[in-house]
Amino acid sequence: MSQDPREIIANSNMTQAQIVIITLCVMLNGLDGYDVLSIAFASPGIAADWGIDRAVLGVVLSMELIGMGVGSVLLGNLADQIGRRSTALLSLVVMALGMLGAALASGVIELSIIRFVTGLGIGGMLAVTNAIVAEFSNSKRRNLAIVLMAGGYPVGALLGGFIAAELLQHYSWRSVFYLGAAATLVFIPLTLIFMKESVAWLTHKRPANALEKINATLKHLGHNAIDVLPPAAPAGPKVGLLSLFAKDLRAFTLLLCCLYFFHIMTFYYILKWIPKIVVDMGFAASSAGGVLNWATFGGACGALAIGLLTLRFDTRYLVGAFMLLATVAVTLFGQSANDLSQLSMLACLSGFFTNGAICGIYALMAHYFPTKVRAGGTGFVIGMGRGGAALGPILAGLLFAAGLALPGVSLVMSLGSLIAAVALFVLIWYGRRHGDWAKTQTD
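Here, residues in each chain are numbered from 1, in the same order as that chain's written sequence. With pLDDT at 70 or above as the cut-off, local features in this predicted model cover only qualifying residues; side-chain atom pairs require 80 or more to be listed or tallied, and sums for whole chains, interfaces and linings still use all residues. The basis for every side-chain value is the complete set of non-hydrogen atoms in the structure, without hydrogens or water.

K.L.:
So what's going on with the overall build of the protein? Which residues, and what values?
P.N.:
Put simply, DSSP marks the helices as runs of H or I at least four residues long and the strands as runs of E at least two long, and each gets a number from the N terminus on. When its secondary structure is counted, the protein shows 16 helices and zero strands. Its C-alpha atoms put the protein at 70 × 45 × 35 Å along the principal axes. Summary of the burial criterion: residues with accessible area below 20% of their type's maximum are buried, those above 50% are exposed, and those between are partly exposed, where the area comes from a 1.4 Å probe applied to protein chains only. Looking at the protein as a whole, 58% of its 443 residues are labelled buried. Only heavy atoms matter for contacts: two residues are in contact if any of them lie within 4.5 Å across the pair. Residue pairs at least 24 apart in sequence account for 83% of intrachain contacts in the protein once pairs closer than 6 positions are excluded.

As structure tokens, this is what we get:
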């Protein structure tokens with residue numbers, strides 16, 4: 001019997017308690033999905049109430065994405081220092097306060113600052129849940145679990161979107177944020193009750209009473225306790241952001257940042273601008289929410305599809321294929337006629353391929369980064385990538401403001417996924433030529 005708790009989890013069948021923790025992470029990502037898209041659901045009402053143009057609205061739409069970038073780096077690194085569970089709880093508190101603040105905002109500047117703060121919590125949650133799922137899954141189901149976790153994002157946006165569309169028929173745009181605040185508050189006690197600290201993190205960091213804490217978690221998960229801690233890893237440089245640029249990780253870190261940056265730029269163009277595009281075509285805000293729901297439904301299906309495909313095919317090539325098809329789908333979305341059915345179909349197709357690729361990228365990040373930098377590495381890639389997430393809506397707003405029509409804007413924005421696919425294939429080539437970190441190193 002192995003005395004390494006990481007090997008016990010990696011080599012054993014998944015228990016009910018592990019499935020509960022992973023399911024909770026799926027739901028937390030669903031909450032993230034709703035929180036991020038809440039501003040998109042509310043944007044037509046905000047623009048109408050405050051009389052702001054597309055360029056200003058593009059900045060407002062991007063503020064929580066900028067916050068997510070900062071939060072992913074800072075809180076992702078914090079999760080490698082203080083633990084996964086504590087960081088998840090901190091992120092939830094920040095998100096709840098931010099959503100409530102947005103509901104009470106009285107102007108563009110105030111709302112922008114509040115959305116930035118909300119993004120800090122969302123970014124931290126994205127980074128830490130990726131590490132939690134990777135460390136509570138066995139080796140056989142790890143990629144599937146991570147992809148499904150990431151797939152919670154569009155599912156939450158979809159379910160929340162149906163409710164938001166109903167709310168907007170009867171109440172103001174502020175009701176969308178009140179809903180988000182209430183839902184976030186519910187998850188704080190759920191996380192306190194069901195979330196346990198990762199044994200991989202405990203084994204690596206070895207806090208006071210580490211053996212007792214590890215055995216408590218193993219018992220909760222339904223595994224046998226260990227008698228002694230496994231040998232500590234050789235002392236090395238202090239873990240931090242600079243660790244991501246050590247010789248054996250530098251190229252992987254930079255290439256992952258590059259592909260995530262450009263692909264997510266395309267992804268957030270679709271998700272952030274669909275409501276405004278549809279309203280400007282003459283449809284009601286509730287109809288715009290319906291088209292956005294089709295995009296998120298497509299994203300959920302894309303997450304499930306790529307997750308199941310990872311059981312049979314190499315995740316790296318699946319992500320590349322999805323990115324190339326996302327380029328085509330987003331371009332076609334820009335060619336849509338002024339017809340709700342066609343808009344919905346193409347939005348669904350765009351969501352399927354753009355979000356499917358993003359879910360696959362999360363699996364790649366967990367694959368390439370070892371325990372000591374997993375949350376920090378994931379957070380750094382997400383943080384750098386969020387520059388693309390913020391750039392997408394802003395760039396699209398500037399292109400619209402400059403007079404470029406929907407077909408031209410969609411064509412330009414679709415190129416992000418194409419560039420990302422090229423970066424991914426460079427990553428695959430480099431990994432083959434210089435050695436894949438994840439296959440030559442252990443946690």
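K.L.:
Provide a residue-level description of the nonpolar core, including the pertinent values.
P.N.:
For our purposes a nonpolar core is just a set of buried Ala, Val, Leu, Ile, Met, Phe, Trp, Tyr and Cys residues, chained together by side-chain atoms within 4.5 Å. Residues Leu259, Tyr268, Tyr269, Ile274, Met323, Phe333 and Tyr362 are the most contacted members of the largest nonpolar core, which totals 134 residues. The dominant element in this core, judged by the number of residues it contributes, is helix α10 (residues 250-280), at 17 residues.

K.L.:
Give a detailed account of the state of the cysteines, specifying residues and quantitative values.
P.N.:
Cysteine sulfur pairs qualify as disulfides if the two atoms are within 2.5 Å. The final tally for this structure, using the stated rule, is zero disulfides. Left unpaired, Cys359 is separated from the closest cysteine sulfur, that of Cys301, by 12 Å.

K.L.:
For the pattern of salt bridges, give the residues involved together with the corresponding values.
P.N.:
When a carboxyl oxygen of Asp or Glu lies within 4 Å of a side-chain nitrogen of Lys or Arg, that pair is called a salt bridge. One pass over the full model with this rule turns up five salt bridges. Linking Asp4 and Arg6 is a salt bridge whose minimum nitrogen-to-oxygen distance equals 2.9 Å. Residue classification places Asp4 among the buried residues on the basis of a relative accessible area of 11%. Residue Glu135 is joined to Arg84 by a salt bridge in which the shortest nitrogen-to-oxygen separation is 2.7 Å.

K.L.:
Break down the environment of Ala284 for me, citing the residues and quoting the values.
P.N.:
Here Ala284 lies in the loop between α10 and α11 (285-309). On a C-alpha basis, the gap between Ala284 and Gln169 in space is 9.7 Å, while along the polypeptide they are 115 residues apart.

K.L.:
Go over the packing of helix α3 (residues 54-82) against helix α5 (residues 108-136), please, and point to the residues and values.
P.N.:
Angular values range over 0 to 180 degrees, each being the angle between N-to-C directions of two axes fitted as lines to C-alpha atoms, with helices fitted over their stretch in contact. Contact geometry of α3 with α5 gives a least axis separation of 5 Å together with a crossing angle of 35°. As for the relative orientation of α3 and α5, their crossing is right-handed in sense. Counted by class, the contact of α3 with α5 contains 16 nonpolar, nine polar and two charged residues. The sense of a crossing depends on the near helix, which, turned anticlockwise from the far helix by less than a right angle, makes the crossing left-handed and, turned clockwise, makes it right-handed. Under the scheme applied here, ten amino acids are nonpolar (Ala, Val, Leu, Ile, Met, Phe, Trp, Tyr, Cys and Pro), four are charged (Asp, Glu, Lys and Arg), and all others, including Gly, are polar.

K.L.:
Hey, could you go over the packing of aromatic side chains for me, with residue numbers and the actual values?
P.N.:
Classification of ring pairs rests on two measures: the distance between centres of Phe, Tyr or Trp rings, Trp counted by its six-membered ring, which must be within 6.5 Å, and the angle between planes, read as stacked under 30 degrees, edge-to-face over 60 and tilted in between. Evaluation of the coordinates by the stated rule reveals 12 aromatic pairs. Centre to centre, the rings of Phe261 and Phe262 are 5.1 Å apart; their planes meet at 75°, and the pair counts as edge-to-face. Under the relative-accessibility criterion, Phe262 is labelled partly exposed at 23%. Ring centres of Phe322 and Phe353 lie 5.5 Å apart, and the angle between their planes is 70°; this geometry places the pair in the edge-to-face category. Note that Phe322 is positioned in helix α12 (residues 315-334) and Phe353 in helix α13 (residues 340-368), a separation of 31 residues in sequence. Residue Phe322 shares its accessibility class with Phe353, and that shared class is buried. Put simply, the rings of Trp50, Trp173 and Phe177 touch in pairs and so form one group of aromatic residues. Each ring is checked for a lysine NZ or an arginine CZ that lies within 6 Å of its centre and within 35 degrees of its normal; such an atom marks a charge sitting over the ring. One residue, Arg312, lies across the ring of Phe313, its end atom 6.0 Å from the ring centre.

K.L.:
So what's going on with the environment of Met384? Residues and values would help.
P.N.:
Position of Met384 relative to the elements: it lies in helix α14 (residues 374-401). Residues Met384 and Tyr260 lie 124 residues apart in sequence; the distance between their C-alpha atoms is 8.2 Å. In this structure, Met384 is in contact with Val73, Cys257 and Phe261, ignoring residues within four places of it in sequence.

K.L.:
Go over a nonpolar patch on the surface with me, naming the residues and quoting the values.
P.N.:
There is a patch of nonpolar side chains on the surface, built from Tyr317, Leu324, Leu415, Leu418, Ile419 and Phe425 and spanning about 470 Å² of accessible area. Residue assignment for the nonpolar patch shows that the elements contributing at least two residues are α12 and α15 (406-434). Following the sequence through the fold, Phe425 ends up in helix α15. Of the residues examined, Phe425 reaches a relative accessible area of 36% and is grouped as partly exposed. For patch building, the residue pool is restricted to those with more than 30% relative accessible area and no salt bridge; the joining distance is 9 Å between like charges and 5 Å between nonpolar side chains (Val, Leu, Ile, Met, Phe, Trp, Tyr). Throughout, the Shrake-Rupley method with a 1.4 Å probe supplies accessible areas, and for residues the shown protein chains are the sole cover considered.

K.L.:
Can you tell me about the confidence of the model for the protein, naming the residues and giving the values?
P.N.:
In low-pLDDT segments, the atomic positions of the prediction should not be examined closely. Confidence in the prediction of the protein, expressed as mean pLDDT, is 84, and 94% of residues score 70 or more. The pLDDT value expresses, per residue, how confident the predictor is, ranging between 0 and 100. Looking over the protein, one finds the lowest element-wise mean pLDDT in helix α16 (residues 437-440), namely 48, and the highest in α12, namely 94.

K.L.:
Please set out unusual backbone geometry residue by residue, giving values where relevant.
P.N.:
Trans peptide bonds make up the majority, and among non-glycine residues the majority have a negative phi. The residue Arg206 is not glycine, and still its phi comes out positive at about 50°. With respect to the helices and strands, the residue Arg206 is situated in the loop between α8 (199-205) and α9 (210-221). The phi dihedral of Asn209 falls on the positive side, at around 60°, and the residue is not glycine. Mapped onto the fold, Asn209 is located in the loop between α8 and α9.

K.L.:
So, the environment of Ala150: which residues are in play, and what are the values?
P.N.:
Assignment of secondary structure puts Ala150 in helix α6 (residues 142-170). Look at Ala150 and you get buried, because its relative accessible area is 5%. Sequence-wise, Ala150 and Gly431 are 281 residues apart; in three dimensions their C-alpha atoms are separated by 24 Å. The residues touching Ala150, leaving out its near neighbours within four places in the chain, are Cys359 and Tyr362.

K.L.:
Pulling in residues and values, what's your account of the packing of helix α2 (residues 16-50) against α6?
P.N.:
One way to put it is that α2 packs onto α6 with a least axis distance of 6 Å and a crossing angle of 45°. By the criterion of interaxial angle, the relationship of α2 to α6 is oblique. Every pair of crossing elements has a handedness; the one defined by α2 and α6 is right-handed. On α6, the residues that touch Ile22, Cys25, Val26, Asn29, Gly30, Asp32, Gly33, Tyr34, Val36, Leu37 and Phe41 of α2 are Ala145, Leu148, Met149, Gly152, Tyr153, Gly156, Ala157, Gly160, Gly161, Ala164 and Leu168. The class makeup of the residues in the contact of α2 with α6 is 14 nonpolar, seven polar and one charged. For this classification, under 35 degrees means roughly parallel, over 145 means roughly antiparallel, 65 to 115 means roughly perpendicular, and everything else is oblique.

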